[in-house]
Amino acid sequence: MSLEVIGLKKTYYNSDKKRSNVHVLQDVNFKVKDGQFISIIGPSGCGKTTLLKIIAGLEDSTEGKVFLNGEELTTSREQIGLVFQEYALFSWRTTLRNIEFGLEIKGVKKKERRFAALEYIKKFGLSGFEHKYPRELSGGMRQRVAIARTLINNPQVLLMDEPFGSLDSQTRNSLQEFLLKIWRKRDETVLFVTHNVDEAVFLSDQIIVMSERPSGIMKVLDVPCPRPRDRTSRICNQIRKNVLKYVIHDRWLNPHSKIPFVAPF
Amino acid sequence: MKSVRRCIAPLSLIIGWECLSSYEIIPRYKLPSPVEVVVGFKYILLIGMPPGFHLHNHLIYSLYRVFIGYTAAAAIAIPLGIFMGWSTQLRELMDPIVEMVRPIPPLAWIPIAILWFGIGIKSAAFIIFLGVFFPILLNTISGVCSIDPILIEAARTLNAKTRDIFLKVLIPAAVPSIFVGMRIGVGIGWMTLVAAEFTGVKTGYGLGYMIMVARDVQRPAEILAGMAVIGSVGIFINKGFRFVEAKIVKWE
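The shown structure was predicted, so the numbers you read here are calculated from the model rather than taken from an experiment.

A. Spatial organisation of the overall build of chain B. Helix and strand counts for chain B come out as 10 helices and 0 strands. Listed N to C, the secondary structure of chain B is α-α-α-α-α-α-α-α-α-α in terms of helices and strands. Seen along its three principal axes, the alpha-carbon backbone of chain B occupies a region of about 75 × 55 × 30 Å. Within chain B, contacts between residues at least 6 apart in sequence are counted, and of these 69% link residues at least 24 apart.

Structure representation (structure tokens):
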């Protein structure tokens, strides 16, 4: 399942004449191979979320196309799942009923979808919390529920928008390991937005570095670390150093940067 | 300990009141003593006001009027509120009417209600309808409007169609604030009822009517007893609503 993005542009037009239109994405092109784990990293406000929303079909692009397995994605985005930073769980539904939401929409019978949801609950370490509401769960658990809710639909591409951004670092580390464990068994293509270089290096096969607004792709870096990875191994550190060269936000302050400065506006 | 502390103020108020009454500092024909109010309560309970018209029948009639007006208001306000919250066009269309009618106190409708429906259950129910309608409508609209857009996006990425989003996301998300509207509405409805019965009932039953009769025959103890009943029933209804709310809205 390859995902390809060609010539994607996004401009927010301002109806207020005094203010200019905001060019968020400018000519974004990339191709993701089947079953790869890709991180997208870039300065805040660079349109990473917008990019994911366009791929997920939640927003229209101003220009450009998204292809999945060579076919252009139009309105139907059933093959694509999205996990949000803020979990976006349905507060009135228990863990079980949140996870089975997608199957309920599909019209799967109650008994079957309950069975499937319980499988996920077991696999995701949520046993005992089936009938709890989201407010009764910890942040890490909520995000596991949200991931299960998305994966139960068996998407071909899993988009994740800073999914661990609001978790403390310990929970974050354990969820990263958890995510890798799940992913290695399933082989979905993952597009993972983050602003955390360590996270990107630990998780991904490839890292896409985006430039400041109007954003394009500044650099695509391979992460040739063998899996399972050790966060503190020399090769990981080296890659981290390399990635950091590209993401130091204020390039004026970075004497090692060989990247030409591009005016952000 | 907390409940003991909560009793101190009302108890001392009643004791102080009783003392002031027994030393004739408060004239009895204006404010009867607590003991006299209890006697008055016994009177409306056992003999009736006017005699033969017992308290429980007054209560049943009042509750019946509120029930009719309230049910009609909720049955219209909740669906209308959901659609007005959902559709910006409908909201823009209806909003001027709502804003025009809403500030008119329900009691100001009494004369025209009597003209339209005559004196009786219909006009009383109509007044209650008006009192209940707007709190429910406005709370329902705001419940639907204030839904976090990310929940709708999440539902869409889970392949929900518009219909699913409406039924499975919007409505459940609005339930807590619909309940708030229903609870505020019933309180206002109950208050409106008593006033509606002052003028909207000529003979027969109703708590408001009962205390007006007591005034006509110069029985302040029975008036106060009637007021106490109205207040207690109000508290009871509110408690009942909170109970149901807590049973249904378990997630908040």
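What follows picks up the thread again.
B. The arrangement of the nonpolar core in detail. With 100 residues, the main nonpolar core has F30, L51, I55, L159 and L191 of chain A together with V169 of chain B as its most contacted residues. For this core, the element with the most residues is helix 8 (residues 162-200) of chain B, which contributes 14 residues. Not counting chain neighbours up to four residues away, the residues in contact with I55 of chain A comprise L3, V5, F30, V66, L73, R77, I80, L159 and L191 of chain A. With 34 residues, the next largest nonpolar core counts A117, L137, W183 and F192 of chain A among its residues.

C. Region of interest: the confidence of the model for chain B. In the predicted model, chain B carries a mean pLDDT of 92, and the fraction of residues at 70 or more is 99%. The complex model carries a pTM of 0.85, and its ipTM stands at 0.87.

D. A look at a positive patch on the surface. Residue and element names in this part refer to chain B. Side chains of K2, R5, R6, K239 and R242 sit close together on the surface and give a patch of like positive charge. Within the residue set of the positive patch, elements represented by two or more residues are helix 1 (2-22) and helix 10 (220-248). Broken down by element, the positive patch gets its largest block of residues, 3 residues, from helix 1. Structurally, R6 is set in helix 1. Among the residues examined, R6 registers a relative accessible area of 63% and is labelled exposed.

E. Seen up close, helix 6 (residues 121-145) of chain B. All names here are of chain B. With 25 residues, helix 6 extends 35 Å between its outermost C-alpha atoms, agreeing within 8% with the 36 Å of an ideal straight helix rising 1.5 Å per residue. Residue F133 marks the point of greatest curvature in helix 6, where the axis turns by about 25°; the proline P135 follows within four residues. Counting buried positions along helix 6 yields 20 of 25 residues, so the element is predominantly enclosed.

F. Inspection of the interface of chain B and chain A at higher detail. With 18 residues of chain B at the interface, the matching set in chain A holds 25 residues. Of the roughly 2000 Å² buried where chain B meets chain A, counting both sides, 65% is carbon and sulfur surface. For the pair chain B and chain A, the number of links is 2 salt bridges. Across the contact surface, chain B and chain A share 5 residue pairs in polar contact (both at pLDDT 80 or more). For the side of chain B that touches chain A, the secondary-structure elements that each account for two or more residues are helix 7 (149-157) and helix 8 of chain B. It is helix 7 of chain B that provides the largest number of residues to the side of chain B that touches chain A, a total of 7 residues. When grouped by side-chain class, the residues that make up the side of chain B that touches chain A number 10 nonpolar, 2 polar and 6 charged.

G. Representation of the sheet that holds strand 9 (residues 206-210) of chain A in the model. Residues and elements named next belong to chain A. An order of 6-7-8-3-9-10 is seen for the 6 strands of this open sheet, with the pairing classed as mixed. Single-partner strands in this sheet number two, and they are strand 6 (80-83) and strand 10 (217-222). When strand polarity is set aside, the average angle formed by the axes of neighbouring strands in this sheet is 20°. Here 4 bridges tie strand 6 to strand 7 (residues 157-161), and the two strands are oriented parallel to one another. Looking across to strand 7, one finds that V83 is bridged to M160. Set on the sheet, helix 6 (residues 169-186) makes contact with strand 3 (37-41), strand 7 and strand 8 (189-194); between it and strand 3 the angle comes to about 140°.

H. Highlighting the sheet that holds strand 5 (residues 71-72) of chain A. Residues and elements named next belong to chain A. Spatially, the 4 strands line up as an open sheet ordered 2-1-4-5, and their pairing is antiparallel. Each edge of the sheet is formed by a strand with only one pairing partner; in this case those strands are strand 2 (22-32) and strand 5. Looking at chain direction, strand 4 (residues 63-68) and strand 5 are connected through 2 bridges and run antiparallel. By the bridge assignment for strand 5, L68 is matched with E71.

I. Here's a closer look at the packing of helix 4 (residues 88-101) of chain B against helix 6 of chain B. Residue and element names in this part refer to chain B. At a closest axis distance of 12 Å, the pairing of helix 4 and helix 6 adopts a crossing angle of 145°. The two elements helix 4 and helix 6 cross, and the hand of that crossing is left-handed. Of helix 6, the residues touching helix 4 (which contributes R91, V98 and V101) are F134, L137, L138, I141 and C145.

J. Seen up close, the pattern of salt bridges. Residues and elements named next belong to chain A. As enumerated under the stated definition, the model contains 22 salt bridges over all chains in all. One salt bridge in this structure joins E104 and R93, with 3.0 Å as the shortest N-O distance. Placement of the pair is E104 in helix 3 (residues 101-106) and R93 in the loop between strand 6 and helix 2 (95-99), with a sequence separation of 11 residues. Taken individually, E104 and R93 each receive the classification buried, so the pair is uniform in this respect.

K. How the structure looks around the confidence of the model for chain A. Predicted confidence across chain A gives a mean pLDDT of 87, with 91% of residues reaching 70 or more. Within chain A, the element-level pLDDT minimum falls on strand 5 of chain A, averaging 84, and the maximum on helix 2 of chain A, averaging 97.

L. Inspection of the packing of helix 5 (residues 110-117) of chain B against helix 6 of chain B at higher detail. All names here are of chain B. Put simply, helix 5 and helix 6 touch, their axes get as near as 9 Å, and they point 140° apart. Compared by their axis directions, helix 5 and helix 6 come out oblique. Judged by the sense of rotation from one axis to the other, the crossing of helix 5 with helix 6 is right-handed. Between helix 5 and helix 6, the residues in contact are I110, A113, I114, W116 and F117 and K122, S123, F126 and I127, respectively. Looking at the contact of helix 5 with helix 6 residue by residue, the class counts come to 7 nonpolar, 1 polar and 1 charged.

M. Molecular detail of the environment of S87 of chain B. Residue position: S87 of chain B is located in the loop between helix 3 (55-86) and helix 4. For the pair formed by S87 of chain B and C145 of chain B, sequence separation is 58 residues and the distance between their alpha carbons is 9.5 Å.

About the thresholds
- Residues numbered from 1 in each chain as written.
- Chains lettered and ligands numbered in written order.
- Predicted model: local features only at pLDDT ≥ 70, side-chain atom pairs only at ≥ 80, totals over all residues.
- Heavy atoms only, no water.
- Helix = DSSP H or I, 4+ residues; strand = E, 2+ residues; numbered from the N terminus.
- Contact = heavy atoms within 4.5 Å.
- Core = buried A, V, L, I, M, F, W, Y, C linked by side-chain atoms within 4.5 Å.
- Buried < 20%, exposed > 50% of the residue type's maximum accessible area, 1.4 Å probe, protein only.
- pLDDT = per-residue confidence, 0-100.
- Patch = residues over 30% accessible without salt bridge, like charges linked within 9 Å, V, L, I, M, F, W, Y side chains within 5 Å.
- Areas by Shrake-Rupley, 256 points an atom, 1.4 Å probe, with all protein chains shown as cover.
- Salt bridge = Lys/Arg side-chain N within 4 Å of Asp/Glu carboxyl O.
- Lys, Arg positive; Asp, Glu negative; His and termini not counted.
- Charge placed at Lys NZ, Arg CZ, Asp CG, Glu CD.
- Expected span 1.5 Å × (residues − 1).
- Bend = angle between axes of the 7 residues up to and from the residue.
- Buried area = accessible area lost by both parts, 1.4 Å probe.
- Polar contact = N/O pair within 3.5 Å; in protein donor to acceptor, adjacent residues only side chain to side chain.
- Nonpolar A, V, L, I, M, F, W, Y, C, P; charged D, E, K, R; others polar.
- Pairing = 2+ DSSP bridges.
- Axes fitted to C-alpha atoms, helices over the stretch in contact; angles between N-to-C directions.
- Left-handed = near helix turned anticlockwise from the far one by under 90°.
- Parallel < 35°, antiparallel > 145°, perpendicular 65-115°, else oblique.

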